[in-house]
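Observations on the model geometry
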Amino acid sequence: MTAVDAPGVAAGVGRTALLVAHARALEARRPEPLAVDPYAEHFVRAAPGCADWPRDPSQVAPGDPVWERLAGYFALRTRVLDAHLLDAARAGARQVVLLGAGLDSRAFRLPWPPGTTVWELDRPDVLAFKQRVVDGLPGAAPAAERRTVPVDLRGDWTTALLGSGLDPARPTAWLAEGLFLYLPAEIELRVATALDTLSAPGSTLAYEIKSAPECAAVRADPMYTAARDRLGIDLLALFAPGPRPDTADALTTLGWATTTRTPFDHPTPRLPRREPHDPLSANRWITCRKSLSPEG
């Protein structure tokens, strides 16, 4: 078993979902938060090994590489991708698919238009943990029809998604947040081309990648070392090794219009500037829209 395959949310990639959830929980307590997730804190408190994580921003030291800078990145990512999905919904998409959903609570906390269905795809143990937590929260109810699809995205997931009711003749808003970083290059490309086959014109996609392998100075940044030494989350060991595919180019060939942005294209005091040897400099957020045809 590799670190990526570790079960549940106690280790491996599952534990990164707790890291991101806790970043959202902290953000909700900040003045003028970028995003408010009332479920995030409950996920973290229900998981083992998080008791010493700060519960309030006042407990975070200025400049903390994890709970200030990395958490700020996750908060900004949440805000940007929330807006992307809601824009797709306002444009008429009533099918939303969260690939590698982890502890995402968008089905519950976003103001979805009537008739929206949100599918959450992830490993069975991760979805089961989330469901146990949600079931224990009085009044927790999704704002859209929510369907969970337990799958391993490295295998055949489209059959299960279609079996859960996705209609490939209708536009779908796809999201791969914090997913492709951990998948081998060939599987990233396989997931992207598979979702294309299920996407009607007008469908959208947003995903996150790193644009290039990071040098030794970047890999030694406190953001990585602190996450490893303090939280037991070795992000560098979890990231898939080797060159990445040009998935945006592949999607363009299939008829998608793509736009690439960096976190620093979204100015905010929570992530004010690039730092020397910044691990966030290689991060890219790519948004795509499928046109009427590969030529259209």
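Let us look at the structure shown here. (Residues numbered from 1 in each chain as written. Predicted model: local features only at pLDDT ≥ 70, side-chain atom pairs only at ≥ 80, totals over all residues. Heavy atoms only, no water.)

As a further point, take the pattern of salt bridges. Tallied over the entire structure, the rule returns 25 salt bridges. A salt bridge links Glu177 to Arg77; the nearest nitrogen and oxygen atoms lie 3.1 Å apart. In this pair, Glu177 sits in the loop between β4 (172–176) and α7 (185–197) while Arg77 sits in helix α3 (residues 65–90), placing the two residues 100 residues apart along the sequence. In this structure, Glu177 engages Arg106 in a salt bridge whose closest nitrogen and oxygen atoms are separated by 2.8 Å. Here the residue Glu177 occupies a position in the loop between β4 and α7, and Arg106 occupies one in helix α4 (residues 106–109), the gap between them amounting to 71 residues. In this structure, Glu177 and Arg106 share a single accessibility class: buried. Within this structure, Arg77, Asp82, Asp104, Arg106, Arg109, Glu177 and Glu208 form a network of salt bridges that share partners. (Salt bridge = Lys/Arg side-chain N within 4 Å of Asp/Glu carboxyl O. Helix = DSSP H or I, 4+ residues; strand = E, 2+ residues; numbered from the N terminus. Buried < 20%, exposed > 50% of the residue type's maximum accessible area, 1.4 Å probe, protein only.)

With respect to the secondary-structure elements, Lys290 resides in strand β7 (residues 283–290). Residue Lys290 is classed as buried on the basis of its relative accessible area of 12%.

The next subject is the nonpolar core. Judged by nonpolar contacts, the single largest core of 68 residues is most densely connected at Leu19, Trp67, Trp112 and Leu235. Take this core: its biggest share by element is 14 residues, from α3. The residues touching Leu19, leaving out its near neighbours within four places in the chain, are Trp53, Val66, Trp67, Leu70, Phe74, Leu231 and Ile233. (Core = buried A, V, L, I, M, F, W, Y, C linked by side-chain atoms within 4.5 Å. Contact = heavy atoms within 4.5 Å.)

Note that Glu208 resides in strand β5 (residues 204–210). At a separation of 2.3 Å, a polar atom in the side chain of Glu208 contacts the side chain of Tyr73. Discounting chain neighbours no more than four positions away, the residues touching Glu208 are Tyr73, Arg77, Ala176, Glu177, Gly178, Phe180, Leu181, Asn283, Arg284 and Trp285. (Polar contact = N/O pair within 3.5 Å; in protein donor to acceptor, adjacent residues only side chain to side chain.)

Further remarks concern the packing of α3 against helix α9 (residues 222–231). The interhelical angle for the contact between α3 and α9, taken along N-to-C directions, is 125°, at an axis separation of 9 Å. Considering their axes alone, α3 and α9 lie oblique with respect to each other. The interaxial crossing formed by α3 with α9 has left-handed handedness. Where α3 abuts α9, its residues Pro65, Val66, Trp67, Arg69 and Leu70 lie against Pro222, Met223, Ala226, Ala227, Arg230 and Leu231. A class-by-class count of the residues in the contact of α3 with α9 yields 9 nonpolar, no polar and 2 charged. (Axes fitted to C-alpha atoms, helices over the stretch in contact; angles between N-to-C directions. Parallel < 35°, antiparallel > 145°, perpendicular 65-115°, else oblique. Left-handed = near helix turned anticlockwise from the far one by under 90°. Nonpolar A, V, L, I, M, F, W, Y, C, P; charged D, E, K, R; others polar.)

Between helix α1 (residues 12–28) and α3, whose axes approach to 8 Å, the crossing angle comes to 90°. It follows from the interaxial angle that α1 and α3 lie roughly perpendicular. Of α3, the residues touching α1 (which contributes Leu19, Val20, His22, Ala23, Arg24, Leu26 and Glu27) are Val66, Trp67, Leu70, Ala71, Phe74, Ala75, Arg77 and Thr78. Per-class residue counts for the contact of α1 with α3 are 10 nonpolar, 2 polar and 3 charged.

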